[in-house]
Amino acid sequence: MKTIHFVMQGKGGVGKSYSASLLFQYLSETYPKDKFLALDTDPNNSTLVSIKKIEAMFLDLFNEDERIDERKFDKMIELFFNRPDHHFIVDNRATSFLPLLSYIKENEIFPMISEQFNIIVHIPITGGQAQEDTIKAMEQLIESFKGTCNFVVWINEYFGKIKDSDGKTFEDMDAYKLNKEFINGIVYLPEMNEKTYGKDLEQMTKNKKTFAEVLEDKKFSLMTKQRLSIYKKKIFNSLGVINLMGEDKK
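Because the structure is predicted, anything quoted here is derived from the model rather than measured.

**Looking at the packing of aromatic side chains**
Here is step 1: Summed over all chains, the structure comprises 13 aromatic pairs.
Here is step 2: For the pair F110 and F145, a centre-to-centre distance of 4.8 Å together with 50° between the ring planes defines the contact as tilted. Here F145 lies in helix α6 (residues 131-145) and F110 lies in helix α5 (residues 109-113), a separation of 35 residues in the sequence. Considered together, F110 and F145 belong to a single accessibility category, that of buried residues.
Here is step 3: What links up through ring pairs into an aromatic cluster is the set F6, F80, F81, F88, F110, F117 and F145.

See the structure below:
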């Protein structure tokens, strides 16, 4: 069975597309014999489409009034079944979070597609001002779809470490403990030195490059390549301990 990876979060600007990019790079490098197709549904910030190496397909889910067209979700589902030899990574726009949630529940999409695909929902959460909203979205997703798919949580520390008022880290919070049995893995995107690693990652993303491209590009300095290689290894090692090609549903 192939796998469909949905990267979902109701809060914008928390690293959703970035996580989708890292996921695609890891999977395509680790399983070179498999076919992967990234789908970008954000017309205003098409991060995946802009990275040419990923060769993402843009999927327009909005009408001319910038409103969700639920019928267009049908085309996405049909695309899955029309390409049964592919794995998919779907980067979902934040503004379509609730409509997509409703569409999946109302049409019983996960039970339907799970007959042919494994389903993994990736949920980025972040520290700082968006922490509470992103954790609530995580709880909402797990409550809505537990038993029909697996979940991977991405901890993005770009805006600061995740901790509650008592200083508890994510894995000590009730939000995690109550949902631990449904979470298949956690990926940490650690807070990095903004003057070194931070600048290197910013340079890579601004140039719309993958890790593999940067490491072969003479425009990037030796130490930039060294640090990005270290960062890539850390993230890929984290992903490597999670079964991302499908496993029994919890």
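Having seen it, we continue.
**Re the pairing of strand β1 (residues 2-7)**
Here is step 1: Burial within β1 is extensive, with five of its six residues counted as buried.
Here is step 2: Looking at chain direction, β1 and strand β5 (residues 117-126) are connected through six bridges and run parallel. Counterpart to K2 in the pairing with β5 is F117.
Here is step 3: Sheet topology note: the β1/strand β4 (residues 86-91) ladder contains four bridges and is parallel. The residue bridging I4 from the neighbouring strand is F88, located in β4.

**Concerning the layout of surface pockets**
Here is step 1: Empty space within the largest pocket amounts to approximately 1,100 Å³.
Here is step 2: Elements with a minimum of two residues in the lining of the largest pocket: α1 (16-30), α2 (47-50) and α8 (197-206).
Here is step 3: Per element, the largest residue contribution to the lining of the largest pocket is seven residues, and it comes from α8.
Here is step 4: When its residues are assigned to classes, the lining of the largest pocket shows twelve nonpolar, 13 polar and eleven charged.

**As for the pairing of strand β6 (residues 150-156)**
Here is step 1: Among the seven residues in β6, seven count as buried, and that is most of the element.
Here is step 2: The two faces of β6 match: N150, V152, W154 and N156 on one face and F151, V153 and I155 on the other face are all buried.
Here is step 3: With respect to chirality, the unit in which β5 leads through α6 into the neighbouring parallel β6 is right-handed.
Here is step 4: One ladder, built from six bridges, connects β6 with strand β7 (residues 183-189); its direction is parallel. Considered in β7, the bridge of I155 is made with Y188.

Rules of the game
Residues numbered from 1 in each chain as written. Predicted model: local features only at pLDDT ≥ 70, side-chain atom pairs only at ≥ 80, totals over all residues. Heavy atoms only, no water. Phe/Tyr/Trp six-rings, centres within 6.5 Å; stacked < 30°, edge-to-face > 60°. Helix = DSSP H or I, 4+ residues; strand = E, 2+ residues; numbered from the N terminus. Buried < 20%, exposed > 50% of the residue type's maximum accessible area, 1.4 Å probe, protein only. Pairing = 2+ DSSP bridges. 1 Å grid on protein atoms, 1.4 Å probe; cavity = no way out; pocket = protein on both sides within 12 Å on 5 of 7 lines; lining within 4 Å. Points joined across faces, edges and corners; volume = space filled by probe spheres on them. Nonpolar A, V, L, I, M, F, W, Y, C, P; charged D, E, K, R; others polar. Right-handed = clockwise from strand over helix to strand, strands pointing away.

Fair warning: the whole summary comes from geometry, so function is off the table for now.
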